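The lines below spell out each chain.
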Amino acid sequence: MSDKVLNQFTQAFQEEKKTPTRRLKVGIIGCGWIAESHVESYKQMDDVDIVAAADLIPGKAEAFMKRYGVEGVRFYPDHKALIDNEELDAVSVCTYNTQHAAPTIYALEHGVNVLLEKPFTVTLDEAVEVCRAEKKSGKLLSIGFQPRCDVNMQMIKKIVQSGALGKVYYIQTGGGRRRGIPNSTFIEKDTAGIGALGDIGCYSLDMVLNAIGYPRPLTATGYKSAFFGTNPEYQVPDRFHTAEENAARFSVDDFAAGFIRLEGDIILDFRIAWAMHLDTPGDTIILGTKAGLRIPSTGCWNGSVGGEMTIYHDLAGVCMEEKVPILKDDGKGLFYKKIRGFLDAVINGDPAPVPSSQILYNQAIIDGICKSAELGKEIEINIPEI
Ligand SMILES: NC(=O)c1ccc[n+]([C@@H]2O[C@H](COP(=O)([O-])OP(=O)(O)OC[C@H]3O[C@@H](n4cnc5c(N)ncnc54)[C@H](O)[C@@H]3O)[C@@H](O)[C@H]2O)c1
């Protein structure tokens, strides 16, 4: 049979799978800053109704939906009330980090699929609990790493998986900002739990771990500091606080570094900063036995590729450098794609686009860095069975 005939079947199958049988009912848990990107994406989808929203702050969910012109929404004071009173296909969990685990577990236990914002959780213990609840529920959980939808990020994985680098043995990743401490709920232990390490560190970890197939982390030597966030000189005022107040509230890390041993004899050398006296602590580099890959860092470090990548390899005994040009996306936007990918997986019964089984290892590294930093020595990373 010719390829043309076979391809017709492939296309017909894909189209058939993508046809939703009914409209999806979606709820938003946490109506703060990032919920906007979720709502704006759902609004563009003609098979989705946003039917419910919850926020701990009285009136916030109502004002939020009014601002984004979403009508017919029922409002609740917290995630439990929302889940208890609605029949939903899915929720977006857009709460601050310390409130990632509880709403996600509650939703899964009540048969609701979950798109959870990054970072996965604050601690490894919480991530393990979430994974167990997911397994028991049989529902779908995807973690909100929209850089996975970036064609340039996908190119990194394609290069590594092609075998062009040979055996990967050393990775340097991370990055950060010279001045870029966020405010709001990001800087307090009670709400954020972790600082730059979780906020932007989780992205750079995912960039490289996803590319190399998420090997299990074995040990961690970690370091954390907060010299900038706690100093009013480097703080900025916001709508509710002076710079001095923000410095006093600051109770998470603004810099973290880690040296991680991964299964397969791979070393991961990592550093991340919300503030530092440097433009960047370095590009991401992946060293292999056949070639090395340099991925330029960005000034912001929000999980993107900072410029054209370079592959260093030998050809006929000569040292060569090959540029990988920046690829253009199709313009739909990474957030739209992450949310659509999650919903399509729910509709089609496909695996989660960003599975918790992978991000569990991301969280284990973050947790390992925290624990090692507290103890002041290398620690073993023990990940319980799910
Ligand atoms: N993917 C991205 O690009 C991206 C960007 C920014 C933030 N985030 C992540 O999104 C999360 C939220 O960030 P944000 O800036 O929107 O925070 P935010 O503080 O502006 O909003 C969080 C909201 O959740 C509410 N909330 C907390 N617990 C709740 C509960 N149990 N039930 C109902 N409401 C609850 C809070 O009252 C608050 O209004 C963070 O974990 C952050 O890391 C992701």
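In this convention, every chain numbers its residues from 1, walking through the sequence in written order. Per-residue local features of the predicted model are confined to residues with pLDDT of at least 70, and side-chain atom pairs are confined, for both listing and counting, to 80 or more; whole-chain, interface and lining totals are unaffected and use all residues.

Looking at the sheet that holds strand S1 (residues 24-29)
- At least two bridges found by DSSP between two strands is the condition for calling them paired. Here a helix means four or more residues in a row that DSSP labels H or I, a strand means two or more in a row labelled E, and each is numbered from the N terminus. Judged by pairing direction, the sheet is parallel, and its six strands sit side by side in the order S3-S2-S1-S4-S5-S6 without closing on themselves. Both outer strands of the open sheet, strand S3 (74-76) and strand S6 (141-144), are each paired with one neighbouring strand and no more. Strand-to-strand, the axes of this sheet are offset by a mean angle of 25°, without reference to chain direction.
- Examined bridge by bridge, strand S2 (residues 48-54) and S3 share three bridges and lie parallel to one another. Bridge assignment links Ala53 to a residue of S3, and that residue is Phe75.
- Across the face of the sheet, helix H3 (residues 60-67) comes into contact with S2 and S3 while running at roughly 150° to S2.
- In this fold helix H5 (residues 101-109) packs onto S1, strand S4 (90-93), strand S5 (113-117) and S6, with an angle of close to 170° to the strand it touches most, S5. Here an angle of 0 to 180 degrees is reported between the N-to-C directions of two axes, which are lines fitted to C-alpha atoms, with helices fitted over the stretch in contact. C-beta atoms are first placed from the backbone for all residues, and any pair lying within 7 Å is then listed as a contact.

Observations regarding the sheet that holds strand S12 (residues 291-295)
- Taken together, nine strands build an open sheet; the order of strands is S14-S13-S12-S11-S7-S10-S9-S8-S15 and the sheet is mixed. With partners counted over all chains shown, the strands left at the sheet margins are strand S14 (318-324) and strand S15 (379-380), one partner each.
- Pairing of strand S8 (residues 217-225) with strand S9 (residues 255-262) involves eight bridges; the strand directions are antiparallel. Note on S9: the bridge partner recorded for Tyr223 is Ala257.
- Strands in contact with helix H9 (residues 201-211) are strand S7 (168-176), S9, strand S10 (266-273) and strand S11 (284-288); relative to S7, the strand with the most contacts, it is inclined by about 155°.
- Where helix H12 (residues 356-375) meets the sheet, its contacts fall on S8, S9 and S15, and the angle it forms with S8 comes to roughly 55°.

Describing the site of the ligand
- We call a residue near a molecule or strand if the C-beta atom, set from the backbone, is within 6 Å of it. Neighbouring the ligand are 27 residues, the closest being Gly30, Gly32, Trp33, Gln99 and Thr185.
- Note that Gly is not counted as nonpolar here; it falls among the polar residues with everything else outside the nonpolar set of Ala, Val, Leu, Ile, Met, Phe, Trp, Tyr, Cys and Pro and the charged set of Asp, Glu, Lys and Arg. Each residue belonging to the shell around the ligand can be placed in one class, and the counts come to eleven nonpolar, ten polar and six charged.
- Each domain's extent was defined by an automatic or database domain assignment. Shared between two domains, the shell around the ligand holds at least three residues of each, these being domain 1 (3-147 + 336-355) and domain 2 (151-328).

So, the pairing of S4
- Exposure classification rests on a simple neighbour count of other C-beta atoms within 10 Å of a residue's own: a residue reaching 20 or more is buried, one at 12 or fewer is exposed, and one in between is partly exposed. C-beta atoms are placed from the backbone. Residue alternation in S4 divides its side chains into two sets, Ala90 and Ser92 and Val91 and Val93, and both sets are buried.
- Where S1 meets S4, four bridges bridge the pair, whose relative direction is parallel. Paired with Gly27 across the two strands is Val91, which belongs to S4.
- Here S4 pairs with S5 via four bridges, running parallel. What sits directly across from Ala90, in S5, is Asn113.
- Crossover handedness is defined here as right-handed if the route from the first strand over the helix to the second strand goes clockwise, with the strands pointing away from the viewer. Each parallel crossover has a hand, and the one from S4 via H5 to S5 is right-handed.

Here we look at H5
- Burial analysis of H5 places seven of its nine residues in the buried class, the great majority of the element.
- Taken residue by residue, H5 has Ala101, Pro103, Thr104, Ile105, Tyr106, Ala107 and Leu108 as its buried positions.
- For H5, the secondary structure elements touched by its buried residues are S1, helix H4 (79-85), S4, S5, helix H6 (124-137) and S6.
- Of the residues flanking the end of H5, it is Gly111, one or two places downstream, whose phi is positive at about 75°.

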